[in-house]
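One-letter residues, chain by chain:
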Amino acid sequence: MPSVPSEDLFADDPAEPSTLALGMQAVLLRGFALAQAPQLLEEVRQVVRQAPWRHMQTPGGKAMSVATTGCGPLSWVSDRRGYRYAALDPLTGKPWPALPADFAQLAHAAAQEAGFAAFVPDACLINRYAPGTRLSLHQDRDEQDLAAPIVSISLGLPATFLWGGATRGERALRVPLRHGDAVVWGGVDRLRFHGVLPVAPGQHPATGECRINLTLRKAT
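Residues numbered from 1 in each chain as written. Predicted model: local features only at pLDDT ≥ 70, side-chain atom pairs only at ≥ 80, totals over all residues. Heavy atoms only, no water.

Caption draft 1: Spatial organisation of the sheet that holds strand β10 (residues 173–177). The antiparallel open sheet is built from 4 strands, whose spatial order is β7-β12-β9-β10. Each of the sheet's edge strands pairs with one partner strand only, and the pair in question is β7 (135–138) and β10. Strand-to-strand twist in this sheet, taken as the mean axis angle between neighbours without regard to direction, amounts to 20°. As paired elements, β7 and strand β12 (residues 194–196) share 2 bridges and run antiparallel to each other. (Pairing = 2+ DSSP bridges. Helix = DSSP H or I, 4+ residues; strand = E, 2+ residues; numbered from the N terminus. Axes fitted to C-alpha atoms, helices over the stretch in contact; angles between N-to-C directions.)

Next up, the structure:
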């Protein structure tokens, strides 16, 4: 795999590669979900009809700026009690919508491309980023199975993904993400800190004035 060339990847570079190693077991797959994007977004709309967008509360009592929903046997939740996975949607009291087969198949294919052929997701967190919304550096460590990778699919407005190190204080790479891009990380890179810079205002033909992100995980 190619090495990471600089702190700010592919700034204004039209000749960027379609696959880029972000670490020993982390990869950016440029445009990997582009062909499936219309169907993915239709399925997001179907999920939202059953489990509406909401701004979850952090353990510290603040409302998250990112709007979320989820699907699958489990989905990630946050409130005063902390971060965890739950079988019931706390907003509706009902089970989360079923994980669409297209979500699972795409996540498996992306994970396989990155060297994680056995990955089968059982949870999908769906985030909606309005302009100005950001996600601070954090680790995904609420899953029981930390051997399984994370698969992240970007749809709609572009964003800058922050790819950090093993500690919050390490300088993060800035990775431009566009509609249809996928990022997969696992193994030695599974607990790398990561986040998203504030999303710039814009209009995307597929999502309007927002960015949608699917994060597929194996929670159990």
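Caption draft 2: Seen up close, the UniProt feature "binding site: 2-oxoglutarate" (unreviewed entry) in the protein chain. Under the present numbering, the feature "binding site: 2-oxoglutarate" (unreviewed entry) in UniProt falls on N127, R128, Y129, R211, I212, N213, L214, T215, L216 and R217. Structurally, N127 can be placed in strand β6 (residues 123–129). Residues within four places of N127 in sequence aside, it is in contact with W53, V66, A67, T68, R211, I212 and N213. Locating L214 in the fold gives a position in strand β13 (residues 211–217). Taking relative accessible area as the criterion, L214 reaches 1% and is therefore assigned buried. The contact partners of L214, leaving out residues within four places of it in the chain, are L40, V44, F103, C124, L125, I126, V151, S152, I153 and L155. (UniProt positions renumbered as here; feature names shortened; annotations may be inferred. Contact = heavy atoms within 4.5 Å. Buried < 20%, exposed > 50% of the residue type's maximum accessible area, 1.4 Å probe, protein only.)

Caption draft 3: Inspection of helix α2 (residues 101–113) at higher detail. Look at α2: 18 Å from first C-alpha to last across 13 residues, which is about the 18 Å you get at 1.5 Å a residue. Where α2 terminates, the next one or two residues include G115, which has phi positive at roughly 100°. (Expected span 1.5 Å × (residues − 1).)

Caption draft 4: Representation of the confidence of the model for the protein chain. Looking at the protein chain as a whole, the pLDDT averages 93, with 92% of positions reaching at least 70. In this model, residues 1–6 is a region of pLDDT below 50 whose contacts with residues beyond four sequence positions or in other chains number 10 contacts. The low-confidence segment residues 11–15, where pLDDT is below 50, has 0 contacts with residues more than four positions distant or belonging to other chains. (pLDDT = per-residue confidence, 0-100.)

Caption draft 5: Inspection of the sheet that holds β13 at higher detail. Taken together, the 7 strands give an open sheet; going across it, the order is β1-β2-β11-β8-β13-β6-β3, and neighbouring strands pair in antiparallel fashion. Here the strands that pair on one side only, and so sit at the sheet edges, are β1 (19–23) and β3 (67–71). For this sheet the average axis-to-axis angle between neighbouring strands, irrespective of direction, equals 20°. With 4 bridges joining them, strand β2 (residues 26–29) and strand β11 (residues 182–185) adopt antiparallel strand pairing. When the sheet's bridge partners are listed, A26 is paired in β11 with W185. Set on the sheet, α2 makes contact with β2, β3, β6, β8 (150–156), β11 and β13; between it and β8 the angle comes to about 115°.

Caption draft 6: Representation of the environment of W185. Following the sequence through the fold, W185 ends up in strand β11. Judged by its relative accessible area of 2%, W185 is buried. Sequence-distant contacts of W185, that is, excluding residues within four places in its chain, are made with Q25, A26, D140, P149, I150, S152, F161, W163, R190 and H194.

Caption draft 7: Examining the UniProt feature "domain: Fe2OG dioxygenase" (unreviewed entry) in the protein chain more closely. Mapped onto the present numbering, the UniProt feature "domain: Fe2OG dioxygenase" (unreviewed entry) falls on residues 120–220. Helix makes up 0% of residues 120–220 and strand 42%, with an end-to-end C-alpha separation of 11 Å.

Caption draft 8: Representation of the pattern of salt bridges in the model. In this structure the tally under the stated criterion is 9 salt bridges. With a shortest N-O distance of 2.2 Å, R30 and D181 are connected by a salt bridge. Separated by 151 residues along the polypeptide, R30 in the loop between β2 and α1 (37–50) and D181 in the loop between β10 and β11 bring together distant segments of the chain. Like R30, the residue D181 is buried in the burial classification. Between R81 and D79 there is a salt bridge, with the nearest N and O atoms lying 3.7 Å from each other. (Salt bridge = Lys/Arg side-chain N within 4 Å of Asp/Glu carboxyl O.)

Caption draft 9: Broad picture of the packing of aromatic side chains. All told, the structure shown has 4 aromatic pairs when counted by the stated rule. Residues W163 and W185 carry aromatic rings whose centres are separated by 5.8 Å and whose planes lie at 65° to one another, so their mutual orientation is edge-to-face. Taken together, the residues span a long stretch of sequence, with W163 in strand β9 (residues 159–163) and W185 in strand β11 at a distance of 22 residues. Each member of the pair, W163 together with W185, is buried. Ring pairing ties together the aromatic residues F161, W163 and W185, which thus form one cluster. For the cation-ring pair, R211 lies above Y129, with the distance from its terminal atom to the ring centre recorded as 4.9 Å. (Phe/Tyr/Trp six-rings, centres within 6.5 Å; stacked < 30°, edge-to-face > 60°. Lys NZ or Arg CZ within 6 Å of the ring centre and 35° of its normal.)

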